[in-house]
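Structural overview
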There are 2 protein chains.
Amino acid sequence: MVATTDFLGRLDEETRAELMAQTTRYRLGKGEFVFCVSDPVDTVHFLLSGRIKTCKFTPDGREVILWFGFPGEVFGLIQSPHHKGRMVSVETCEPCEIAKMSSNGFQDFLGSRPKVSQLLVQIVASRLGMLANRLVYFAADDAETRIAKLLVNLDARYHNSGSGSEQPIGLTHQEIADLTGVQRQTATRILGRLAKCGALSMRYRRISIRDHELLSRFTASQR
Amino acid sequence: MVATTDFLGRLDEETRAELMAQTTRYRLGKGEFVFCVSDPVDTVHFLLSGRIKTCKFTPDGREVILWFGFPGEVFGLIQSPHHKGRMVSVETCEPCEIAKMSSNGFQDFLGSRPKVSQLLVQIVASRLGMLANRLVYFAADDAETRIAKLLVNLDARYHNSGSGSEQPIGLTHQEIADLTGVQRQTATRILGRLAKCGALSMRYRRISIRDHELLSRFTASQR
DNA sequence: CGTTGATTGTAATCCAGGCGACAGATTCCA
DNA sequence: TGGAATCTGTCGCCTGGATTACAATCAACG
């Protein structure tokens, strides 16, 4: 199954080849930035391998993670309508292989391929849907519920094998905090609670869902 | 100036006429729903006059407002990738005049007009940007800051005349609470504070910004 | 193989804002 | 014009989670 947001995976063989022929490839190490807020919007990027996070920073330096990107995804499309420039920053979570091309080149490419544009609308729309859901969580759920929902979602998205995936979720407590809008200490405390009652198993940096059913019981809003 | 999200306003005369020729018009009174979450996605809508709100509901019945729609905007494009069906509900804030057409018809229309698809990407992207900003506010700001930011944004968007607009913001405290994720009472309390110090003037249901500069001082994160 | 930096664990304090409970104001509509 | 319904204003209590402050682990690299 191809994920909704897997742009490259949803192009047909030929179109993909034509597109990739116009790109140049490069590599980044862990924790590097592909671009930052307010950088000029002159390139579009395609993630070939690795994982990235799209984020923003608050005035006082807190990071807020908007979503993760997986291989096959496009990013770097969006320009702020006001001050021009990037609206978000993109940071690698691990070593990544990326293909890039000029924004103008990509626009030309789209101009003659309406189907691809429509696909892009779908992809951006699905990100919109994700953020809309997150916003509802923020408005309605307490910290524990938000974290439980995050873990369930991530697990589904990450190793979408559906089977009894015991693979750890490769996130630090800090990242979980940045995703759910809580303090790092609060994340640690709540993860500890969830582990103690048996829903999670954790061994330093290796958080994984032990009891899927039990965890999902915490995703029902408490507030 | 045409707003970024004003779809109809950004089409050229001819394209707009062709599009509108395929629509049928109808009217709704205040507080009616154009469609609700999980309704089938078989129509696309264009707001001709009035104002709408796009929202979701929490399991316990709380409303979360995602964004407002103004004349010229398209809505009803997005389908949930999982369970199919609408991802959001759309409710009128006042009597509205709306044009609608079938989703398939609209897809065909787009198929032969790549420029319009690209415009749509921009529009969906700008909503994505708005939600991303809201998410950052939720994660980083306290209630007072969120409300102050909301009022500033609304004022800019609403009566974008830029001049010393003394027009009231036509929202109830409940709506402000639904937009900022606080209790209705909290919204009332904070609005009262802002009014007492002279940033706002309020006379039952008629909230307007008295001192723009003073209000914007509250938009600097306190936390 | 030990030092350094990142990550995790825990505990005490404190307050913003949720929640419940009304009382008054205003608008709407019969 | 007179309810009814919807909005607004104000309390007090109480809890979730921010904040501050360390200590303990782990991993990575010279």
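Here the structure is shown first, and the text comes after it.
What counts, and at which threshold
- Residues numbered from 1 in each chain as written.
- Chains lettered and ligands numbered in written order.
- Predicted model: local features only at pLDDT ≥ 70, side-chain atom pairs only at ≥ 80, totals over all residues.
- Heavy atoms only, no water.
- Contact = heavy atoms within 4.5 Å.
- Buried area = accessible area lost by both parts, 1.4 Å probe.
- Salt bridge = Lys/Arg side-chain N within 4 Å of Asp/Glu carboxyl O.
- Polar contact = N/O pair within 3.5 Å; in protein donor to acceptor, adjacent residues only side chain to side chain.
- Helix = DSSP H or I, 4+ residues; strand = E, 2+ residues; numbered from the N terminus.
- Nonpolar A, V, L, I, M, F, W, Y, C, P; charged D, E, K, R; others polar.
- Buried < 20%, exposed > 50% of the residue type's maximum accessible area, 1.4 Å probe, protein only.
- Near = heavy atom within 4 Å.

Contacts between the two partners involve 33 residues from chain A, matched on the other side by 33 residues from chain B. At the boundary of chain A with chain B, total buried surface from both sides reaches about 3,300 Å², with 78% on carbon and sulfur atoms. Counting across the chain A and chain B interface gives 0 salt bridges. Where chain A packs against chain B, one counts 6 residue pairs in polar contact (both at pLDDT 80 or more). Ranked by residues supplied to the side of chain A that touches chain B, first place goes to helix α3 (residues 114-140) of chain A with 19 residues. Partitioning the side of chain A that touches chain B into residue classes produces 20 nonpolar, 9 polar and 4 charged.

Glancing now at the environment of W67(B). Within the secondary structure, W67(B) is located in strand β5 (residues 63-69). The buried category is assigned to W67(B), whose relative accessible area is 10%. Each C-alpha atom of the pair W67(B) and I52(B) lies 8.6 Å from the other, and the pair is 15 residues apart in sequence. Setting aside chain neighbours within four positions, we find W67(B) in contact with L128(A), I52(B), K53(B), T54(B), R127(B), M130(B) and L131(B).

In this section: the protein's contact with DNA strand D. Taken together, 18 residues are adjacent to DNA strand D, and A143(A), Q185(A), T186(A), H173(B) and R184(B) come closest. In the interface set of DNA strand D, defined as its atoms within 4 Å of the protein, sugar plus phosphate atoms amount to 65%. A143(A) places a polar main-chain atom, nitrogen or oxygen, 2.6 Å from a phosphate oxygen of DNA strand D. For DNA strand D, a base oxygen lies 3.3 Å from a polar atom in the side chain of Q185(A). A per-element tally of the surface near DNA strand D places helix α6 (residues 184-196) of chain B first, with 3 residues. Of the residues that constitute the surface near DNA strand D, the class distribution is 5 nonpolar, 8 polar and 5 charged.

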